[in-house]
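Chain and residue survey
These are the residues of each chain, in order.
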Amino acid sequence: MRIHKSVVTPLGVLTLASDEGALRAVFPGVPDPAADHGLGRIVEDGFEEVERQLEQYFAGHRCCFDLDLDTRGTDFQRRVWAEVSAIPYGQTCSYKELAIRLGDAAKARGVGAALSRNPLNIVIPTHRVVGSRGALTGYSAGIDSKRFLLDHESSEATAVLRVHCAGTAGVPA
């Protein structure tokens, strides 16, 4: 069963969508209720764990997410998203570095295309991927959101969390 809910966060309103209990999308804004967006019915309940982990993340108490995810995409997209999920909290990686990690520096544009299709913003931390010279480029939720998330992860308030999570992207706080 597909369901969705919009929640207020420090980043703004985010819409959460799931299918059969697995989180399949986190995106900014509220979908047009008159449009057939394929997100299923609007609910009040059913996203408690996602909301709890988002609250912990924004409070500086969580460096990654431990949720049941529905990562629909091509094999290449899923490989890119898995590699992005390994970028430690508070750190960044360039598109080219990510392509090299995937075995082919020439696929940097393909990496960017796969990141633009990431349906799980924040949870799969594509905001941690930057241009070769550190420029903030290409984030589906907008550059201001990318800057906000990177500033959040590098703030003094999250310094202890960065130390705790150093070198581990997949260990919940």
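Given the structure is predicted, the values throughout are model-derived calculations rather than measurements.

**Quick notes on the packing of aromatic side chains**
Within a pair of aromatic rings, the relevant descriptors are the distance that separates the centres and the angle that separates the planes. By the definition in use, this model includes four aromatic pairs. Taking 5.5 Å as the distance between ring centres and 40° as the angle between the ring planes, the aromatic pair formed by Tyr57 and Phe65 counts as tilted. Accessibility classification places Tyr57 together with Phe65 in one group, the buried group. Seen in terms of ring centroids, Tyr57 and Tyr89 are 6.2 Å apart; in terms of plane orientation they differ by 85°. Their pairing is edge-to-face. Linking Tyr57 in helix α1 (residues 48–58) with Tyr89 in the loop between α2 (75–85) and β5 (93–94), this pair joins segments that are 32 residues apart in sequence. Both residues of the pair, Tyr57 and Tyr89, count as buried. The rings of Tyr57, Phe58, Phe65, Tyr89 and Phe148 are connected pair by pair, giving a single aromatic cluster.

**Brief notes about helix α5 (residues 143–154)**
The end-to-end C-alpha distance of α5 is 16 Å, a good match for the 16 Å that twelve residues give at a rise of 1.5 Å each. Among all positions of α5, only Ser145, Lys146, Leu149, Leu150, His152 and Glu153 are buried. Looking down the long axis of α5, one finds its buried residues gathered within 155° of arc, a one-sided arrangement.

**Quick word on the sheet that holds strand β3 (residues 22–28)**
The four strands lie next to each other as β3-β2-β1-β4, forming an open sheet whose pairing is mixed. Strands at the two margins of the open sheet, each flanked by one partner only, are β3 and β4 (41–42). Across eight bridges, the pairing between strand β1 (residues 2–9) and strand β2 (residues 12–19) is antiparallel. Looking at the pairing, Val7 lines up with Leu14 of β2.

**Describing empty space enclosed by the protein**
In total, this model carries one cavity of 30 Å³ or more according to the counting rule given. Roughly 30 Å³ of volume is contained in the largest cavity. In terms of lining residues, the largest cavity is bounded by Leu11, Leu14, Pro28, Asn121, Ile122, Tyr139, Ala141 and Leu149. Classifying every residue of the lining of the largest cavity gives seven nonpolar, one polar and no charged.

**With respect to unusual backbone geometry**
Despite not being glycine, Glu20 has its phi angle at roughly 55°, a positive value. On the secondary structure map, Glu20 appears in the loop between β2 and β3. On the basis of relative accessible area, Glu20 is assigned to the exposed category, the value being 64%.

**Overview of the pattern of salt bridges**
One pass over the structure, following the stated rule, counts nine salt bridges. Glu83 is the partner of Arg101 in a salt bridge, and the nearest nitrogen-oxygen pair spans 4.0 Å. Of this pair, Arg101 sits in helix α3 (residues 95–101) while Glu83 sits in helix α2; the two residues are 18 residues apart in sequence, bridging distant segments of the chain. Glu83 sits in the partly exposed class, given a relative accessible area of 23%.

The rules we used
Residues numbered from 1 in each chain as written. Predicted model: local features only at pLDDT ≥ 70, side-chain atom pairs only at ≥ 80, totals over all residues. Heavy atoms only, no water. Phe/Tyr/Trp six-rings, centres within 6.5 Å; stacked < 30°, edge-to-face > 60°. Buried < 20%, exposed > 50% of the residue type's maximum accessible area, 1.4 Å probe, protein only. Helix = DSSP H or I, 4+ residues; strand = E, 2+ residues; numbered from the N terminus. Expected span 1.5 Å × (residues − 1). Arc of directions from axis to C-beta. Pairing = 2+ DSSP bridges. 1 Å grid on protein atoms, 1.4 Å probe; cavity = no way out; pocket = protein on both sides within 12 Å on 5 of 7 lines; lining within 4 Å. Points joined across faces, edges and corners; volume = space filled by probe spheres on them. Nonpolar A, V, L, I, M, F, W, Y, C, P; charged D, E, K, R; others polar. Salt bridge = Lys/Arg side-chain N within 4 Å of Asp/Glu carboxyl O.

Purely spatial values, then, with no claim about function.
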